[in-house]
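Each chain is listed here by its residues.
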Amino acid sequence: MPPALTGPAPSGGQRADQPGHLLVAVADGEVVGFAHVVLLDDGHATRAHLDQVSVLPQHGRRGTGARLVRAAAEEARWDGFGELSLCTYRDVPWNGPFYAGLGFEVVEPAGVLAELREREQAMGLDEAGERVVMRLELQRPR
């Protein structure tokens, strides 16, 4: 069982107020999932980071999560980013293997991503399994 986080998850409004993108998936007029891309400043450049993808369980296994991730990557690409990063559990099927199937690769965290991983460790997220940083190379628009 994953450890409890130090506080409640951000609300939709709090997520929308952060620099980046908040994409939603809608089915029959109901929001059934979202992808949240935040912009991280590492002191030299800004990077696009997939902070969270979530799909209601009853809408799972229908490709909604994959479509959200692809749309998030496309938004980042059109904004001129060369890659999209994320942190996830390496071996949880709907985490590491899911993202690998979408083209993400495990990388060694550096800079702001290493700092992000340190915060995750301090929160106790690694107690639920090995976490990794992954990245997807994005082709820039022509």
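Residues numbered from 1 in each chain as written. Predicted model: local features only at pLDDT ≥ 70, side-chain atom pairs only at ≥ 80, totals over all residues. Heavy atoms only, no water.

**Describing the pairing of strand 2 (residues 30–41)**
As defined by bridge partners, strand 1 (residues 20–27) adjoins strand 2 across eight bridges and the pair is classed as antiparallel. Note on strand 2: the bridge partner recorded for Gly-20 is Val-38. Hairpin connection, strand 1 to strand 2: the antiparallel pair is bridged by two residues, and Asp-28 has positive phi, about 50°. The turn linking strand 2 back onto strand 3 (residues 46–55) is made up of four residues, and Gly-43 within it adopts a positive phi angle of 90°. (Pairing = 2+ DSSP bridges. Helix = DSSP H or I, 4+ residues; strand = E, 2+ residues; numbered from the N terminus.)

**Digging into the nonpolar core**
Grouped together as the largest cluster of nonpolar side chains are 23 residues, with contacts concentrated most on Leu-50, Leu-84, Tyr-99 and Phe-104. Where this core is concerned, the elements lending two or more residues are strand 1, strand 2, strand 3, helix 2 (64–78), strand 4 (83–89) and strand 6 (131–137). Considering every element that reaches this core, the biggest residue donor is helix 2, with six residues. Those residues within four positions of Leu-50 in sequence are excluded, and the remaining contacts are Ala-35, His-36, Val-37, Val-69, Ala-72, Leu-84, Ser-85, Leu-86 and Tyr-99. Counting seven residues, the second-largest nonpolar core is a separate cluster that includes Cys-87, Val-112, Leu-116 and Val-133. (Core = buried A, V, L, I, M, F, W, Y, C linked by side-chain atoms within 4.5 Å. Buried < 20%, exposed > 50% of the residue type's maximum accessible area, 1.4 Å probe, protein only. Contact = heavy atoms within 4.5 Å.)

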